[in-house]
Amino acid sequence: MSDSPKRILRRGTVAHGQIEKDVENLSGYGSTDDPKKTPSAGKLLVRRNTFNEGEQDHKTKFSTWTIDQDEESMGDISIVINLLADLTPAGVLPLASGMVGTGYVPSFVLLLLFAGCAAYMMFLISRTMEITGAKSHDKIWEKCVGYASSWVPLAVLMSVCFGNCLAYSCMFGDLFSGCMPGFGLSFATRTVCILGLSIFPLLPLCMLKDLSALAPTSFGALIAVLYMCVMMGIRYFDGSYFPGGIYHTEPKWNDHTWNFGIQTLLLVNTLAVGFLCHYNGCKYYREYVDHRPTKFGGRVGLAFMTVAAIFVASGLFGYATFGTDSSGVILNNYSSDDFLANIARLGMGFANVFSFPLMFSGLRESTCALLSFLYPENQDTYDTVLFQNSLSIVMLAAVTVLAVIVTDASTVVGLVGSICGIGIIYVIPCFLFVQASETFLSQGDSSVNPKELLLVKTIGFVGLVLMPAGACATLLL
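Residues numbered from 1 in each chain as written. Predicted model: local features only at pLDDT ≥ 70, side-chain atom pairs only at ≥ 80, totals over all residues. Heavy atoms only, no water.

Examining unusual backbone geometry
A negative phi holds for most residues other than glycine; trans holds for most peptide bonds.
Here comes step 1: For the bond from F200 to P201, the omega torsion is 15 degrees, close enough to zero to count as cis.
Here comes step 2: Inspection of the secondary structure puts P201 in helix α6 (residues 190-205).
Here comes step 3: Look at D290: it is not a glycine, yet its phi comes out positive at around 55 degrees.
Here comes step 4: Counting through the fold element by element, D290 comes out in the loop between α9 (281-287) and α10 (293-322). (Helix = DSSP H or I, 4+ residues; strand = E, 2+ residues; numbered from the N terminus.)

Below, the structure written as structure tokens:
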């Protein structure tokens, strides 16, 4: 045996044993897997610097997660289902209330216009990511505008996600408390429902990092939304809530075909929330299998047009049944003795619960990124799963407490939609796309048409105008 000292061979592999890299280390620590002998070096101790595939299922509290670890895990079907579940539960409930000051024809024209523009903005997000090579809003901003102000999109994202989570909590609290007495569970008040559902199933769901894992629950949420639309249609056609009907409530109507005025801003706010999933736009694109902007845009377009059709049905049946009495959560207008409505409340309550983690994912990621900007020295801490899970608990607790206190979901929806929703849907994507095109693409580049840039700038400017106007309408009308 050789008299030379024992050497430790460290395997610096990066994935299931590929790319071996031998590093000398005399510290004497590490495993003794696969000891080998060579003519010149006695025993070789091999230290494994990676984990096996099976070990991924048993992550320790010291594991880390960053957006760079996002994998392409959503196929064509799952991305459409997740988008539908992300959009419909919050959008269908307040739509009839948003139509109170706007006639059927202007309402549906605006709905289709907003659907098309919102889908186009998701397409722009994917193209901006490809142009810049960045994977998140703040990194795109950093490349196009500068690091010093890259907190701006993060602050907007965090605000809109927090506001949306609050709106969803208010909604499922109203829905569950409204239907529980019909099932003989009178003890399940609004507060009890919000607190109980926040503990389970929301808490474990909000700790998930992969959106594809939510596809099964998202499909359940979609079924609940479709059932609600069918129920609303049944109650409209059977006349249960009209004069002489079993649940007659004397709804108020007016000539509502062409109405258009200042109150239309309330509908704009509602549509902004209804078509809002752009806080997860980068994440959807990162996790979409074999993602390319055109392919991604096609799936997004399909999802948004489907959502628009669902919104048309819910808005039409809701307003046609209850008129100007339409509530910010339309199911609140239906009798607590209406069994079909109670089933719809239960289903939509779960739909909002299972859609909640999709928004919460955006809240957690934007908050961690903002903390990294403010306190970069703690970046390694923010990347740990332990910290992210702890942060999730704190933020979910804050949303839950506020949801118990705030009882009017329509005000929350209005403010979130007008200020944050329009900002993250229309203003920021337009701004970043223009900046990316001017920074990274040369004059005459065929990938960007000057007419398209003019269209994008116009949409962004209109968004800037609608933000304060919508906020004023929410507070004053």
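Section: the packing of helix α3 (residues 104-132) against helix α8 (residues 264-274)
Here comes step 1: Packing of α3 against α8 brings their axes to within 11 Å, and their N-to-C directions diverge by 35 degrees. Both α3 and α8 take part in a crossing whose hand is right-handed. Contact residues: S107, L110, L111 and F114 in α3; T264, L267, V268 and L271 in α8. (Axes fitted to C-alpha atoms, helices over the stretch in contact; angles between N-to-C directions. Left-handed = near helix turned anticlockwise from the far one by under 90°. Contact = heavy atoms within 4.5 Å.)

Digging into the pattern of salt bridges
Here comes step 1: In the structure shown here, the tally under the stated rule is 12 salt bridges.
Here comes step 2: R190 is paired through a salt bridge with D174; the nearest N and O atoms lie 2.8 Å apart. Highlighted residues: R190 in helix α6 and D174 in helix α5 (residues 151-179), separated in sequence by 16 residues. When sorted by exposure, R190 lands in the same class as D174, which is buried.
Here comes step 3: One salt bridge connects E365 with K283, and the closest N-O pair in it is separated by 2.8 Å. Placement of the pair is E365 in helix α11 (residues 339-374) and K283 in helix α9, with a sequence separation of 82 residues. For the residue pair E365 and K283, the accessibility class agrees, reading buried in each case.
Here comes step 4: Shared partners join several salt bridges into a network, and the residues in it are K283, R286, E287 and E365. (Salt bridge = Lys/Arg side-chain N within 4 Å of Asp/Glu carboxyl O. Buried < 20%, exposed > 50% of the residue type's maximum accessible area, 1.4 Å probe, protein only.)

Topic: the packing of aromatic side chains
Here comes step 1: Evaluated as defined, the whole model comprises 23 aromatic pairs.
Here comes step 2: An angle of 70 degrees between the planes, with centres 6.4 Å apart, marks the rings of F183 and F339 as edge-to-face. You can see F183 sitting in the loop between α5 and α6 and its partner F339 sitting in helix α11, a full 156 residues away along the chain.
Here comes step 3: With a relative accessible area of 33%, F183 lands in the partly exposed category.
Here comes step 4: Residue classification places F339 among the exposed residues on the basis of a relative accessible area of 52%.
Here comes step 5: Here the aromatic cluster, defined as three or more aromatic residues joined through ring pairs, consists of Y236, F237, F242 and F317. (Phe/Tyr/Trp six-rings, centres within 6.5 Å; stacked < 30°, edge-to-face > 60°.)

Here's the deal with helix α13 (residues 385-405)
Here comes step 1: In this model, α13 (21 residues) spans 30 Å end to end at C-alpha, consistent with the 30 Å of a helix rising 1.5 Å per residue.
Here comes step 2: By the burial criterion, the buried members of α13 are V385, Q388, N389, L391, S392, M395, L396, V399, T400 and A403. (Expected span 1.5 Å × (residues − 1).)

Looking at the state of the cysteines
Here comes step 1: Counted under the stated rule, the structure contains zero disulfides.
Here comes step 2: In this model C206 remains outside any disulfide bridge; the closest cysteine sulfur is found in C165, 6.9 Å from its own.
Here comes step 3: A relative accessible area of 2% places C206 in the buried class. (Disulfide = S-S within 2.5 Å.)

Quick look at the side chain of R190
Here comes step 1: A relative accessible area of 15% means that R190 is categorised as buried.
Here comes step 2: Those residues in contact with R190, other than ones at most four positions away along the chain, are C170, G173, D174, S177, A403, V404, V406 and T407.

Re the side chain of S372
Here comes step 1: Relative to the assigned elements, S372 resides in helix α11.
Here comes step 2: Those residues in contact with S372, other than ones at most four positions away along the chain, are Q379 and Y382.

Regarding the nonpolar core
Nonpolar side chains tend toward joint burial in soluble globular proteins.
Here comes step 1: Core analysis: the largest hydrophobic core is formed by 128 residues, its most contacted members being L93, F275 and F356.
Here comes step 2: Here the element with the most residues in this core is helix α14 (residues 409-440); it accounts for 14 residues.
Here comes step 3: Not counting the four nearest positions on each side in its chain, F275 is found in contact with L87, L111, F114, A115, A118, F304, V307, A308, F311 and I425. (Core = buried A, V, L, I, M, F, W, Y, C linked by side-chain atoms within 4.5 Å.)

Observations regarding the packing of α3 against α10
Here comes step 1: Running from amino to carboxyl end, α3 crosses α10 at an angle of 160 degrees, the nearest separation of the two axes being 9 Å. With respect to α10, the axis of α3 lies roughly antiparallel. For the pair α3 and α10, the crossing hand works out as right-handed. (Parallel < 35°, antiparallel > 145°, perpendicular 65-115°, else oblique.)

Points about helix α15 (residues 450-476)
Here comes step 1: For α15, with 27 residues, the first-to-last C-alpha span of 40 Å sits near the 39 Å given by 1.5 Å per residue.
Here comes step 2: Roughly 25 degrees is the biggest bend found in α15, and it falls at L466, with proline P468 one to four residues downstream.
Here comes step 3: Along α15, the residues that are buried comprise E452, L453, V456, I459, G460, G463, L466, M467, G470, A471, A473 and T474.
Here comes step 4: Sitting at the amino-terminal end of α15 is N449, which places a side-chain oxygen 2.8 Å from the backbone nitrogen of K451. (Bend = angle between axes of the 7 residues up to and from the residue. Polar contact = N/O pair within 3.5 Å; in protein donor to acceptor, adjacent residues only side chain to side chain.)

Some remarks on the environment of S392
Here comes step 1: Locating S392 in the fold gives a position in helix α13.
Here comes step 2: Relative accessible area serves as the criterion here: at 1%, S392 is assigned to the buried category.
Here comes step 3: Residues S392 and T367 lie 25 residues apart in sequence; the distance between their C-alpha atoms is 9.9 Å.
Here comes step 4: When sequence neighbours within four positions are dropped, the list of residues in contact with S392 reads C206, M207, F360 and R364.

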